[in-house]
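Notes for the structure review
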Amino acid sequence: MATLRDIKRRIKGVKNTQQITKAMKMVAAARLRRAQENIINARPYSRKIAEVLSDLLNIEKNINNPLLTERKVENVAVVVVTSDRGLCGGFNMNVIRFVEDMLRNELSEFSANKKVQLYCVGKKGNDHFTKRPHKVAGSFPGIFSQLKFEFASGLVRELTLKFLSGEIDKVLIVYNEFRSVIQQKTTLEQLLPIKPFNKEEEKVIHAEYIYEPDKVGIIEKLLPKHLNAQFWRILLESYAAELGARMTAMDMATENAKELIRSLQLTYNKERQAAITKEIIEIVSGANALKES
Amino acid sequence: MKELIVEIITPSKTAYKGEVKSITLPGTLGNFQVLFNHAPLLSSLEIGRIKIVEAKGNILEFVTSGGTVEILKNKVLVLADSVESVNEIDVERARQSYSRAKERLGSRKIDIDVLRAEASLQRALNRIKFAGAGL
């Protein structure tokens, strides 16, 4: 049986924890707003590039760019986007489990022969995969505290070079997509070779453009930019999703703490009442005993 | 309205949006100016300066590190890798990256990325030049 003092101490401890989780939730909420703004700001650029590219590729059908060409896959690179920090619910575990599943199933042939290279963006994924017998080709911990476009373009450059030199034949990305503040979805996307653009909205070709220097030249310049923009978007989304997940997790922790405090307080009150009652009974029965004698 | 609509978009933000009289861009085949009723054009851009004459007559200048421009129906869409307003250029930083790039190009190590160092050098030079400062 816990003594009164023990219970009091526990209540205090839980209250402290609650304060921390509450503060973390607030911080995450504030950062999330900024992260969302960043996503919105980045959207026009990536959308426009994709638009111009798909238009161009529609006109210029027989383009022969290696970045667009599927080839026989022998080596695969998987970019795993996780967070740098924990305390965000199942955020990292979802991605890691997804990748592990993929390595066991779809990519089992490649992973058995060490033909899968992992690129871990974010500390948590790095911590997980470096301890296991996977080939980690690149680790980028601690990038989310100061997310820069240069990082995105740098990694894309490295991947593109390896792709073009034939070192890897396919690049996949696993990350948490930002659906809403309370919803994240683990998503798999193919970065290289670039998948053909969906042509649902068949845009009418308004006019004959003048091309400078020429169509092929522009396409060649745009493709890497498109990759950069895409990867940048993924990083921003993952970061926003992380903050969303943390917010939800911390909110839940705060709620749990509240519940715990409530029940502890109840036990405390009951205990206290019992102690008082016991004391009164002792006094009364003591007095009665004196009277009777 | 006999004005062009110009939008300058970078990965991180929309840098400019407005009605202009003219815009001068650093195209791959040389600088060119766009006025009202320009023919549809798609061009890649190089490191250089973007000059805008706004509808009210204000002149704005940006430096850019390249990108793409689409001109269609009096709408100019500049997709730039980065832009900076000329008054916002950090000359000190540009000078630093200039000397860094120079140093890297000067050193005879094999593993340096010559193309990248050269591009960095060009960007720094471009910034310094249009900020109206010397080396």
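Residues numbered from 1 in each chain as written. Chains lettered and ligands numbered in written order. Predicted model: local features only at pLDDT ≥ 70, side-chain atom pairs only at ≥ 80, totals over all residues. Heavy atoms only, no water.

1. Regarding the nonpolar core
Heads up, the condition is: Residues belong to one nonpolar core when they are buried, are Ala, Val, Leu, Ile, Met, Phe, Trp, Tyr or Cys, and are joined through side-chain atoms within 4.5 Å. Accessible area is worked out with a 1.4 Å probe on protein chains only. A residue is then buried under 20% of its type maximum, exposed over 50%, and partly exposed in between. Counting from the N terminus, the helices are DSSP H or I runs at least four residues long and the strands are E runs at least two residues long. Here, residues are in contact when the closest pair of their heavy atoms is within 4.5 Å.
Membership of the largest hydrophobic core comes to 63 residues, with the highest contact counts inside it found for Val-79, Val-81, Val-121, Phe-231 and Leu-235 of chain A. Counting residues per element, this core draws most heavily on helix α6 (residues 215–292) of chain A, at 17 residues. For Val-81 of chain A, the residues in contact, after removing those within four places along its chain, are Val-95, Val-121, Phe-144, Ile-173, Val-174, Tyr-175, Ile-234, Leu-235 and Ser-238 of chain A. Counting residues in hydrophobic clusters, the runner-up holds 20 residues, among them Leu-4, Val-20, Phe-62 and Val-83 of chain B.

2. A look at the pairing of strand β4 (residues 41–54) of chain B
So the rule is basically this: Any two strands with at least two DSSP-identified bridges between them are counted as paired.
As judged from the 3 bridges shared by strand β6 (residues 210–212) of chain A and β4 of chain B, these two strands associate in the parallel manner. Across the sheet, Ile-210 of chain A pairs through a bridge with Leu-41 of chain B, a residue of β4 of chain B. With 5 bridges joining them, strand β2 (residues 14–27) of chain B and β4 of chain B adopt antiparallel strand pairing. When the bridges of β4 of chain B are listed, Ser-22 of chain B appears paired with Val-53 of chain B. Once β4 of chain B ends, the chain turns through 4 residues before running back antiparallel as strand β5 (residues 59–72) of chain B, passing Gly-57 of chain B with a positive phi of about 105 degrees.

3. Some points on the side chain of Asp-169 of chain A
All names here are of chain A. Quick note on the threshold: A 3.5 Å cut-off defines polar contacts: any pair of N or O atoms within that distance qualifies, except that in protein one atom must be a possible hydrogen donor and the other a possible acceptor, and neighbouring residues in sequence count only when both atoms are side-chain atoms.
Relative to the elements of secondary structure, Asp-169 occurs in the loop between α5 (149–165) and β4 (170–180). Of the residues examined, Asp-169 reaches a relative accessible area of 7% and is grouped as buried. Among the polar contacts made by the side chain of Asp-169, one reaches the main-chain amide nitrogen of Glu-74 at a distance of 2.8 Å. Ignoring sequence-local partners within four residues, the contact set of Asp-169 consists of Arg-71, Lys-72, Val-73, Glu-74, Asn-75, Phe-163 and Pro-193.

4. Focus on the domain arrangement of chain A
Residue and element names in this part refer to chain A. How we decide: Delimitation of the domains relies on an automatic or database domain assignment. What counts as buried area is the accessible surface, traced by a 1.4 Å probe, that two parts surrender upon association, with contributions from both included.
Examined at the domain level, chain A breaks down into domain 1 (4–20 + 251–287) and domain 2 (24–198 + 208–249). The partner domain 2 presents 5 residues to the 4 residues of domain 1 that form the contact. Between domain 1 and domain 2, a total of about 380 Å² is buried, with carbon and sulfur atoms accounting for 43% of that surface. Among the residues domain 1 hides against domain 2, the three largest losses belong to Ile-20, Asp-251 and Met-252. Together they make up 88% of the total.

5. What to know about the pattern of salt bridges
Residues and elements named next belong to chain A. As a reminder of what qualifies: Any carboxyl oxygen of Asp or Glu that lies within 4 Å of a side-chain nitrogen of Lys or Arg is treated as forming a salt bridge with it.
Summed over the entire model, instances satisfying the criterion amount to 19 salt bridges over all chains. Here Glu-259 ties to Arg-262 by a salt bridge, and the two come within 3.4 Å at their closest N and O atoms. Of this pair, Glu-259 and Arg-262 both sit in helix α6, 3 residues apart, which is roughly one turn of the helix. Accessibility expressed as a relative area gives 54% for Arg-262, which makes it exposed.

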